[in-house]
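Residues per chain are reported as follows:
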Amino acid sequence: MYEPIRSKSVHSTMADGTTDFPHRSRDEELDIQLAGHLAALLAVTDELHALEPGTGLDTAADRLAEQVARLRGGKPPVRLQVAPADPKPCPAALHRRAHKLAARALVVAASRADTAAAILTAERMDAHSAALEPRELASR
């Protein structure tokens, strides 16, 4: 009743085919994600440093830049050059944003078991929390 298929199927499975697009491992994906979070945290840190120079943010920014470069295979991150803005951004809002970014980076660092990045992001979370405490008490 039915004639058997004699030609090769036009449909293929992933097991048969060649991979013509790059695949990344889970670790590579986590490295990319962690580098992105740390680079975003670096940008906010540079912005805070421009508003509040001399508060240890320059050291933190250098340490963040080292971690981003390590995760990107030695390629240093682009640093933010902040010009004075009108109106000036609220430092408390920047500290809150930096705290959230550090928390995200900490989650990724913990999932990839990157101790150096986890310690650095935990320190940054503590520093931004401490920077927020006096301001939040004064606003109450």
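Enquirer: Got a minute to help me understand helix α3 (residues 91-111) in this structure?
Expert: Three- or four-residue spacings in an α-helix give side chains the same orientation, since the helix completes a turn every 3.6 residues. Taking 1.5 Å of rise per residue, the 21 residues of α3 would be expected to cover 30 Å, and the 30 Å separating its terminal C-alpha atoms lies within 8% of that figure. Every buried residue of α3 is accounted for by A92, L94, H95, A98, L101, A102, A105, V108 and A109. Positive phi appears at A113, one or two residues downstream of α3, with a value of about 60 degrees.

Enquirer: Which parts of the structure should I look at to understand helix α2 (residues 57-71)?
Expert: The end-to-end C-alpha separation of α2 is 21 Å, in line with the 21 Å expected for 15 residues at 1.5 Å each. For α2, every residue scored as buried is listed here: L57, A60, A61, L64, A65, Q67, V68, A69 and L71. Just downstream of α2 lies G73, where phi reads positive at about 75 degrees.

Enquirer: Help me understand the packing of helix α1 (residues 26-51) against α2 in this model?
Expert: Packed helices, taken two at a time, are described by the angle their axes make and the gap between the axes. Packing of α1 against α2 brings their axes to within 9 Å, and their N-to-C directions diverge by 160 degrees. In terms of their interaxial angle, α1 and α2 are classed as roughly antiparallel. Crossing of α1 against α2: the hand is left-handed. Contacts between α1 and α2 involve D31, L34, A35, L38, A39, L41, L42, T45, D46, L48 and H49 from the first element and L57, D58, A60, A61, L64, A65, Q67, V68 and L71 from the second. Partitioning the contact of α1 with α2 into residue classes produces 14 nonpolar, three polar and three charged.

Enquirer: I keep staring at the nonpolar core and nothing clicks. Help me out?
Expert: Nonpolar side chains in soluble globular proteins tend to be buried together. Counting 25 residues, the largest nonpolar core has L34, L38, L41, V44 and L64 as its most contacted members. Mapped onto this core, the elements with two or more residues apiece are α1, α2, α3 and α4 (115-139). L41 has contacts with L64, A98, L101, A102, R124 and H128, leaving out every residue within four places of it along the chain.

Enquirer: How should the pattern of salt bridges be read in this particular structure?
Expert: The final tally for this structure, using the stated rule, is five salt bridges. In this structure, E29 engages R24 in a salt bridge whose closest nitrogen and oxygen atoms are separated by 2.7 Å. Judged by relative accessible area, E29 falls into the partly exposed class, the value being 35%. Between D114 and R70 there is a salt bridge whose closest N-O contact spans 2.6 Å. Of this pair, D114 sits in the loop between α3 and α4 while R70 sits in helix α2, and the two are 44 residues apart along the sequence.

Enquirer: Could you clarify how one ought to interpret the side chain of Q67 in this entry?
Expert: Mapped onto the secondary structure, Q67 falls in helix α2. Overall, Q67 belongs to the buried group, its relative accessible area being 12%. Reaching out from Q67, the side chain makes a polar contact with the side chain of R70 at a distance of 2.6 Å. If sequence neighbours within four positions are ignored, Q67 has contacts with L38, A116, A117 and L120.

Enquirer: Even after reading the chapter, I still don't get the environment of A93, so can you show me in this structure?
Expert: Within the secondary structure layout, A93 lies in helix α3. Placed 39 residues apart in sequence, A93 and L132 show a C-alpha to C-alpha distance of 9.0 Å.

The rules we used
- Residues numbered from 1 in each chain as written.
- Predicted model: local features only at pLDDT ≥ 70, side-chain atom pairs only at ≥ 80, totals over all residues.
- Heavy atoms only, no water.
- Helix = DSSP H or I, 4+ residues; strand = E, 2+ residues; numbered from the N terminus.
- Expected span 1.5 Å × (residues − 1).
- Buried < 20%, exposed > 50% of the residue type's maximum accessible area, 1.4 Å probe, protein only.
- Axes fitted to C-alpha atoms, helices over the stretch in contact; angles between N-to-C directions.
- Parallel < 35°, antiparallel > 145°, perpendicular 65-115°, else oblique.
- Left-handed = near helix turned anticlockwise from the far one by under 90°.
- Contact = heavy atoms within 4.5 Å.
- Nonpolar A, V, L, I, M, F, W, Y, C, P; charged D, E, K, R; others polar.
- Core = buried A, V, L, I, M, F, W, Y, C linked by side-chain atoms within 4.5 Å.
- Salt bridge = Lys/Arg side-chain N within 4 Å of Asp/Glu carboxyl O.
- Polar contact = N/O pair within 3.5 Å; in protein donor to acceptor, adjacent residues only side chain to side chain.

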